[in-house]
Amino acid sequence: MTTDRTHDDAHDPGTERDPGGHRRPLVLVLHGARGDLARRLVLPSLATLHRRSLLPERFALLGTGRTAISTEEFRDLVDDALGEFGQEGTRAADVEALTRHSWFAAEVTEDDDAELPDALARTSEALVDGLDGVDAADVTVVHYLAVPPSAFVGLTRALGAHGMHRGPAGQEGDPRTDTVRIVFEKPYGTSPETFRELDAVVHEVFDEEQVFRIDHFLGKEATQNLHVLRFANELFGSVWDRHHVERVEIDVPETLDVAQRAEFYDATGAALDMVVSHLFQVAAQVAMGPPEDLAATGLVRAREEALTHLRPLDPEDDVVLGQFEGYREIEGIADDSTTDTFIAARAWFDDDRWRGVPFLLRTGKRMAASAQRVTLVLRRDPEHLFGDEIGPSAISLSLAGDGAIEVTTTVKRPGPDLALATGTARLDLDDVEPGEPLPAYASLLDDVLVGDRTLFTTPVGLAAAWDAFAPLLGDGRPEPEPYAPGSWGPRAADDLAGPDGWWLTTRQGETGQR
Ligand code: BG6
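Keep in mind that what you see is a predicted model, and the values were worked out from it rather than measured.

### Side note on the site of the ligand
Consideration 1: Near the ligand the following residues occur: Lys-186, His-216, Phe-217, Lys-220, Glu-254, Leu-256, Arg-261, Asp-273, Met-274, His-278, Lys-365 and Gln-372.
Consideration 2: Between the ligand and Lys-186 there is a distance of 2.8 Å, counted from an oxygen atom to a side-chain nitrogen or oxygen.
Consideration 3: Between the ligand and Lys-220 there is a distance of 2.6 Å, counted from an oxygen atom to a side-chain nitrogen or oxygen.
Consideration 4: Alone, the ligand offers 400 Å² of accessible surface; in the complex the protein occludes 73% of this.
Consideration 5: Here the shell around the ligand is composed, by residue class, of 3 nonpolar, 3 polar and 6 charged.

### Re the side chain of Arg-230
Consideration 1: Following the sequence through the fold, Arg-230 ends up in helix H8 (residues 221-232).
Consideration 2: The charged side chain of Arg-230 is buried without a salt bridge, its nearest counter-charge being Asp-241 at 8.3 Å.
Consideration 3: Here the side chain of Arg-230 touches Val-286 through a polar contact of 3.3 Å, landing on its backbone oxygen.
Consideration 4: Once you skip the residues sitting within four places of it in the chain, Arg-230 turns out to touch Phe-236, Gly-237, Trp-240, Gln-285, Val-286, Met-288, Gly-289, Pro-290 and Arg-353.

### Quick notes on the sheet that holds strand E8 (residues 319-324)
Consideration 1: One open sheet holds the 9 strands; their spatial order is E16-E15-E14-E11-E7-E10-E9-E8-E17, and the pairing between them is mixed. The outermost strands of the open sheet, each flanked by one partner alone, are strand E16 (420-428) and strand E17 (481-483). Across the sheet, the mean angle separating the axes of adjacent strands is 20° when strand polarity is ignored.
Consideration 2: Along the sheet, H8 contacts strand E11 (373-378), strand E14 (394-398) and strand E15 (404-412); its crossing angle with E14, the most-contacted strand, is approximately 145°.
Consideration 3: Each of strand E7 (245-253), strand E9 (342-347), strand E10 (359-364) and E11 is contacted by helix H10 (residues 262-287), which is oriented at about 145° to E10, the strand it contacts most.

### Details of H8
Consideration 1: Helix length check: H8 (12 residues) gives 16 Å between terminal C-alpha atoms against 16 Å at 1.5 Å per residue, within 8%.
Consideration 2: Of all the residues in H8, the buried ones are Ala-222, Thr-223, Gln-224, Asn-225, Leu-226, His-227, Leu-229 and Arg-230.

### Some words on helix H13 (residues 440-450)
Consideration 1: Summarising burial for H13: 11 of the 11 residues are buried, a large majority.
Consideration 2: Of all the residues in H13, the buried ones are Ala-440, Tyr-441, Ala-442, Ser-443, Leu-444, Leu-445, Asp-446, Asp-447, Val-448, Leu-449 and Val-450.
Consideration 3: A positive phi of about 80° marks Gly-451, the residue just after H13.

### Things to note about the packing of aromatic side chains
Consideration 1: Scanning all chains against the criterion turns up 11 aromatic pairs.
Consideration 2: Ring geometry for Phe-324 against Tyr-483: centres 6.3 Å apart, planes inclined by 75°, an arrangement best described as edge-to-face. Separated by 159 residues along the polypeptide, Phe-324 in strand E8 and Tyr-483 in strand E17 bring together distant segments of the chain. Assigned by exposure class, Phe-324 and Tyr-483 land together as buried.
Consideration 3: Feature note: the residues Phe-152, Phe-184, Tyr-188 and Phe-195 constitute an aromatic cluster, connected by ring pairs.
Consideration 4: The ring of Phe-217 is capped by Lys-220, whose NZ or CZ atom sits 4.7 Å from the centre of that ring.
Consideration 5: The aromatic ring of Phe-324 is capped on one face by Arg-366, whose charged end is 5.5 Å from the ring centroid.

### Comments concerning the packing of helix H2 (residues 36-51) against helix H4 (residues 91-99)
Consideration 1: H4 packs onto H2 with a crossing angle of 100° between their chain directions and a minimal axis gap of 9 Å. Considering their axes alone, H2 and H4 lie roughly perpendicular with respect to each other. Of the residues in H4, those in contact with Leu-43, Leu-46, Ala-47, His-50 and Arg-51 of H2 are Ala-93, Asp-94, Ala-97 and Leu-98.
Consideration 2: By residue class, the composition of the contact of H2 with H4 is 6 nonpolar, 1 polar and 2 charged.

Rules of the game
- Residues numbered from 1 in each chain as written.
- Predicted model: local features only at pLDDT ≥ 70, side-chain atom pairs only at ≥ 80, totals over all residues.
- Heavy atoms only, no water.
- Near = heavy atom within 4 Å.
- Polar contact = N/O pair within 3.5 Å; in protein donor to acceptor, adjacent residues only side chain to side chain.
- Areas by Shrake-Rupley, 256 points an atom, 1.4 Å probe, with all protein chains shown as cover.
- Nonpolar A, V, L, I, M, F, W, Y, C, P; charged D, E, K, R; others polar.
- Helix = DSSP H or I, 4+ residues; strand = E, 2+ residues; numbered from the N terminus.
- Buried < 20%, exposed > 50% of the residue type's maximum accessible area, 1.4 Å probe, protein only.
- Lys, Arg positive; Asp, Glu negative; His and termini not counted.
- Salt bridge = Lys/Arg side-chain N within 4 Å of Asp/Glu carboxyl O.
- Contact = heavy atoms within 4.5 Å.
- Pairing = 2+ DSSP bridges.
- Axes fitted to C-alpha atoms, helices over the stretch in contact; angles between N-to-C directions.
- Expected span 1.5 Å × (residues − 1).
- Phe/Tyr/Trp six-rings, centres within 6.5 Å; stacked < 30°, edge-to-face > 60°.
- Lys NZ or Arg CZ within 6 Å of the ring centre and 35° of its normal.
- Parallel < 35°, antiparallel > 145°, perpendicular 65-115°, else oblique.

Quick look at the structure:
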């Protein structure tokens with residue numbers, strides 16, 4: 001999101017740009033480059049950054065995988081990935097830009113004679129060739145771990161063992177940490193215990209400032225708009241608290257099936273897949289108090305602090321789990337699986353701003369609609385005007401796609417009588433000049449490249465999120481209730497929302513909008 005710098009005018013030219021005014025040369029080491037995540041998301045996002053002139057001019061991509069392939073084969077792999085998931089028309093130019101200095105090496109392990117450190121050193125030298133006043137020690141190196149979470153610990157240790165957690169010594173003689181970054185995909189830990197283990201190993205090797213933990217929901221345009229909307233507009237900022245907001249909903253129903261990734265899904269479930277990573281983080285983005293400043297440190301601190309006020313979920317009163325009918329018939333799913341494919345939860349932030357305001361979280365597979373909504377339903381005071389009941393009013397953001405902001409208010413019903421009606425005004429974010437939102441992944445990748453950590457999670461917030469989630473992991477975990485595919489989940493989930501129901505459910509068909 002680049003809060004404290006812009007691409008045309010870097011905040012800190014000394015660290016991010018070379019003396020000619022270009023972005024510092026950069027090597028991206030894509031660990032797991034042959035995997036699905038790299039093909040579907042990382043490579044296409046790099047191509048997007050290239051098309052938007054957001055890749056440093058001097059850029060190299062090094063791939064790693066369990067077995068080495070030739071540079072030509074790696075180039076073909078990038079070409080294939082962009083053919084399938086990239087943008088037609090610019091494919092050849094994108095492939096050329098990404099692979100001009102590319103290399104592929106077998107993945108490093110702690111005790112092998114790895115070729116990657118040499119490849120990295122050679123590539124860094126090649127990138128600065130012919131540049132005045134910049135040497136290989138100034139090259140930024142980003143290790144992107146597009147590997148399964150079970151490989152995070154081993155790989156982190158291996159990078160440390162080969163000294164790749166530090167850059168080459170700079171002029172002062174000490175190996176540099178400001179030039180090396182590491183990116184972790186979600187999930188960063190799959191339980192409170194594995195989160196703590198991973199975090200301990202990561203901090204044995206890297207400094208926190210070097211670590212970027214991705215939660216792509218934080219990179220969505222509309223999520224980024226939450227704090228702009230609020231802190232830049234008195235109209236919204238003045239109602240952002242318990243005195244004006246009756247409830248907040250973070251609602252992410254999906255019509256998607258799980259058949260393509262049955263094995264992963266059955267071992268994970270909706271709650272683990274979506275709550276700690278996405279829904280709690282977005283909830284904190286809504287709940288945060290005013291930051292000290294709108295620069296990275298202020299915003300991160302405010303969001304993480306909000307998470308520390310999250311009360312542990314109460315599985316008995318505040319959580320409904322569901323499993324869609326037919327789930328156990330899917331190939332790869334056990335006949336007696338009790339995995340949840342749906343969760344609805346009522347979360348609470350115990351701070352002065354939000355005390356008593358339920359944050360309703362909901363997500364699931366095979367549901368009636370696909371949407372990604374954050375809605376602040378406003379209190380009605382008074383409840384009647386001219387004898388007519390006042391309808392609900394709300395500020396609602398669609399996080400899906402390029403994002404949208406909707407405001408629902410009570411207005412006069414058009415016509416001769418003084419009666420009330422409800423109307424919604426919608427602003428599609430891609431209608432705002434210059435109308436070119438960045439997809440979430442590309443946006444976060446851009447932040448990694450320029451070193452902006454605003455939209456990345458930290459151990460403070462994650463530890464708090466895991467504490468709040470922990471009651472769902474124990475004996476108290478509710479039994480998932482069956483629901484019909486194509487429905488809004490188990491009936492008990494409707495009751496969580498109270499008499500007015502879920503915003504999206506009750507208004508579905510009215511707007512039909514995601
Ligand atoms: C992923 C989850 O992190 O986010 C998926 O593992 C979910 O289950 C997805 O479908 C939603 O992502 P998107 O790209 O639709 O915002």
